[in-house]
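# A closer look at the structure
Single-letter residue listing:
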Amino acid sequence: ARPHDLRRWYLLYSHLTALKSFKPKEYDVQISYFRSAISHPDDRPDCGWGKFTPKGVDVIKVSTEKVGNKFLKAPEFIEALDTCLKDIYSRNKKP
């Protein structure tokens, strides 16, 4: 075997080992989850994020058909994120 082939197998093994041993912890906060308003492959409304918090998941549907990195650059997403952050800030602002 060539050295770069062995390196690929070692990296794959390392990544799979890390993935298998990763145990996410629960957070005592509400999660804001942004998703496209178009159909989504996961039929759970919160896409599984609810198991990480007892305070629930605020699912924010964004009116765009863009996915992946293009979703994060969509003006509709940026506006929804801005609104969400302003809401969080106003709720947590100290008098």
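Residues numbered from 1 in each chain as written. Predicted model: local features only at pLDDT ≥ 70, side-chain atom pairs only at ≥ 80, totals over all residues. Heavy atoms only, no water.

### A short note on helix H1 (residues 3-21)
For the record, the criterion: For helices the rule is a DSSP run of H or I covering at least 4 residues; for strands it is a run of E covering at least 2, with both sets numbered from the N terminus onward. Multiply 1.5 Å by the residue count of a helix minus one, and that product is the helix's expected span. Under the scheme applied here, a residue whose accessible area is under 20% of the maximum for its type counts as buried, over 50% as exposed, and between as partly exposed, the area being computed with a 1.4 Å probe on protein chains only.
Along its 19 residues, H1 runs 27 Å from first to last C-alpha, staying within 8% of the 27 Å computed at 1.5 Å per residue. Taking burial as the measure, the 19 residues of H1 include 0 buried ones, a minor fraction of the element.

### Here's the deal with the pairing of strand S1 (residues 31-36)
For the record, the criterion: Whether two strands pair comes down to DSSP finding at least two bridges between them.
Extensive coverage of S1 is indicated by the burial of 5 of its 6 residues. Of the strand pairs in this sheet, S1 and strand S2 (residues 57-62) are connected by 6 bridges, and their pairing is parallel. When the sheet's bridge partners are listed, serine 32 is paired in S2 with aspartate 58.

### With respect to the pattern of salt bridges
This is how the line gets drawn: Salt bridge, as applied in this entry: a Lys or Arg side-chain nitrogen positioned within 4 Å of an Asp or Glu carboxyl oxygen.
Within the structure shown, the criterion is met by 3 salt bridges. Its salt-bridge partner being aspartate 28, residue lysine 55 comes within 3.9 Å of it at the nearest N-O pair. With lysine 55 in the loop between S1 and S2 and aspartate 28 in the loop between H1 and S1, the pair connects residues that are 27 residues apart, well separated along the chain. With a relative accessible area of 48%, lysine 55 lands in the partly exposed category. Residue aspartate 87 pairs with arginine 91 through a salt bridge whose shortest N-O separation is 3.0 Å. Of the two residues, aspartate 87 and arginine 91 are both situated in helix H3 (residues 75-92); the distance of 4 residues between them amounts to about one turn of the helix.

### Considering the environment of phenylalanine 71
The criterion, for reference: Residue contacts are defined here by distance: any two heavy atoms, one from each residue, within 4.5 Å place the two residues in contact.
Examined against the element boundaries, phenylalanine 71 turns out to sit in helix H2 (residues 69-73). In the structure, phenylalanine 71 is positioned 55 residues away from leucine 16 in sequence and 28 Å away in space, judged by C-alpha atoms. When sequence neighbours within four positions are dropped, the list of residues in contact with phenylalanine 71 reads Phe34, Arg35, Ser36, Val62, Thr64, Lys66 and Phe77.

### Some thoughts on the packing of aromatic side chains
Note the threshold: The rule is short: rings of Phe, Tyr and Trp, with Trp giving its six-membered ring, pair when the centres are within 6.5 Å, and they are stacked under 30 degrees, edge-to-face over 60, tilted in between.
Within this structure, the stated rule accounts for 3 aromatic pairs. Ring plane angle 45° and centroid distance 5.1 Å describe the contact between phenylalanine 71 and phenylalanine 77, whose orientation is recorded as tilted. Given the relative accessible area of 9%, phenylalanine 71 is considered buried. A connected cluster of aromatic rings, assembled from ring pairs, spans Phe34, Phe71 and Phe77.

### With respect to the nonpolar core
For clarity, the threshold we go by: Here, nonpolar core means buried Ala, Val, Leu, Ile, Met, Phe, Trp, Tyr and Cys residues that are tied together by side-chain atoms lying within 4.5 Å of each other.
Within the largest apolar cluster, 8 residues are counted, these being Phe34, Ile60, Val62, Phe71, Ala74, Phe77, Ala80 and Cys84. Broken down by element, this core gets its largest block of residues, 3 residues, from H3. Once residues lying within four places of it in the same chain are set aside, the contact partners of phenylalanine 34 are Ile60, Val62, Phe71, Phe77, Ala80, Leu81 and Cys84.

### Concerning H3
This is how it is decided: This arc corresponds to the set of directions leading from the helix axis out to the C-beta atoms.
End to end, H3 covers 26 Å across 18 residues, agreeing with the expected 26 Å (1.5 Å per residue, within 8%). Buried within H3 we find Phe77, Ala80 and Cys84. Seen from one end, H3 has its buried residues packed into an arc of 70°, which puts them on one side. Opposite the buried face of H3, at more than 90 degrees from it, the exposed residues are Pro75, Glu79, Lys86 and Tyr89. Looking at the buried residues of H3, the elements they touch are S1, S2 and H2.

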